[in-house]
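Descriptive structure summary
So you can see what is in the structure, the chains are spelled out below.
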Amino acid sequence: MATAAPKPCRRAGCSALVYGGNGYCDRHQADAEREWVKAPEHSGRGGRQWRRLRLQVLERDGWLCQCDDCATRPVPLVAHEVDHISNERDADGALDDSLENLRSMNRDCHRKKTQQEAARGRRRRWVGGVG
């Protein structure tokens, strides 16, 4: 069986060749470990508290999408994700994770809403003269 061709180390500027593995040469293995371990302030969602809250919202909403489009459908889509109704952040930059501000959403509906919010944000920056 043929082996895969060697590739350069993933560390910028390193020309060592690597055969499989995580893409780092022996000298840069520590970079591979740092790549996957996030600092607490950058951990994002996905912790135990968020997973429990997410499950609570999905069960509350019967695992059905609560978006405006699905509200008009005879049968709403299945929900996969939890959405913040209002994305306003407090002084610390945190989102409001209260149950009143969370709703279940289908992943496609959530993606569409997020894209619309991003477009509105870009327009606001441009109209405000910061673009």
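In short, a report on the structure. Not measured: the values here are computed from a predicted model.

1. Overview of the nonpolar core
In this structure, W50, L53, V57, L58, A79, V82 and L102 together form the largest nonpolar core, which totals seven residues. By residue number, the principal contributor to this core is helix α2 (residues 48-60), which donates four residues. When residues no more than four places from it in sequence are discounted, the contact partners of V82 are W50, R54, V57, L58, L102, R103 and H110.

2. Focus on a negative patch on the surface
A cluster of like negative charges, contributed by D90, D92, D96 and E100, occupies part of the molecular surface. Overall, E100 belongs to the exposed group, its relative accessible area being 68%.

3. Side note on a positive patch on the surface
Residues R120, R122, R123 and R124 make up a contiguous surface patch of positive charge. Its location among the elements puts R123 in helix α4 (residues 107-127).

4. Quick notes on the side chain of H28
Relative to the assigned elements, H28 resides in the loop between β2 (17-18) and α1 (29-36). The exposure class assigned to H28 is buried, which follows from its relative accessible area of 9%. Apart from the residues lying within four places of it in its own chain, the contact partners of H28 are C9, R11 and C14.

5. A few points about the environment of D68
By the element assignment, D68 lies in helix α3 (residues 68-71). Judged by its relative accessible area of 60%, D68 falls in the exposed class.

6. Describing the pattern of salt bridges
Opposite charge on two side chains makes pairing possible when the charged atoms of those side chains draw close. By the definition in use, this model includes six salt bridges. In this structure, D69 and K112 form a salt bridge, with 3.0 Å as the shortest nitrogen-oxygen distance. Remark: K112 occurs in helix α4 and D69 occurs in helix α3; sequence separation between them is 43 residues. The exposure class of K112 is partly exposed, given its relative accessible area of 42%. A salt bridge links K113 to E117; the shortest N-O distance between them is 2.7 Å. With K113 and E117 both in helix α4 and four residues apart, the pair spans about one turn of that helix. Several salt bridges share partner residues, and in doing so they unite D83, R103, K113 and E117 into one network.

7. Considerations on the environment of K7
Among the structural elements, K7 can be located in strand β1 (residues 7-8). Considered as a pair, K7 and G23 are 16 residues apart in the sequence and their alpha carbons are 7.6 Å apart. What K7 contacts, discounting residues up to four positions off in sequence, is A16, L17 and V18.

8. Overview of α2
Across its 13 residues, α2 extends 18 Å between first and last C-alpha, which sits within 8% of the 18 Å expected from 1.5 Å per residue. Every buried residue of α2 is listed here: W50, L53, V57 and L58. Buried positions in α2, seen along its axis, are confined to an arc of 135° and lie on one side of it. Away from its buried face, by an angle of more than 90 degrees, α2 presents the exposed residues R48, R52 and E59. Structurally, α2 contributes buried residues whose contacts are with β3 (81-84) and β4 (102-105).

What counts as what
Counting restarts for each chain, with residues numbered from 1 along the sequence as it is written. Reporting in this predicted model follows two pLDDT cut-offs: at least 70 for local features of residues, and 80 or more for side-chain atom pairs to be given and counted; totals over whole chains, interfaces and linings ignore these cut-offs and use all residues. Based on all heavy atoms of the structure, the side-chain values leave hydrogens and waters out of the count. The term nonpolar core refers to a set of buried residues drawn from Ala, Val, Leu, Ile, Met, Phe, Trp, Tyr and Cys, joined through side-chain atoms within 4.5 Å. Each residue's exposure class comes from its accessible area (1.4 Å probe, protein chains only) as a fraction of the maximum for that residue type: buried when under 20%, exposed when over 50%, partly exposed otherwise. Only DSSP runs of H or I reaching four residues or more are called helices, and only runs of E reaching two or more are called strands; each is numbered from the N terminus. We call two residues in contact whenever any of their non-hydrogen atoms come within 4.5 Å of each other. Each patch is assembled from residues with relative accessible area greater than 30% and no salt bridge, linking like charges that lie within 9 Å and nonpolar side chains (Val, Leu, Ile, Met, Phe, Trp, Tyr) that lie within 5 Å. In these tables, accessible area is a Shrake-Rupley quantity obtained with a 1.4 Å probe, and a residue counts as shielded only by the protein chains included in the view. Definition used for salt bridges: Asp or Glu carboxyl oxygen within 4 Å of a side-chain nitrogen of Lys or Arg. We count Lys and Arg on the positive side and Asp and Glu on the negative side, and we leave His and both chain ends out. Charged groups are reduced to one reference atom each: NZ for lysine, CZ for arginine, CG for aspartic acid, CD for glutamic acid. To estimate how far a helix should reach, multiply one less than its number of residues by 1.5 Å. Picture the helix axis, draw a direction to every C-beta atom, and the arc is the one those directions span.

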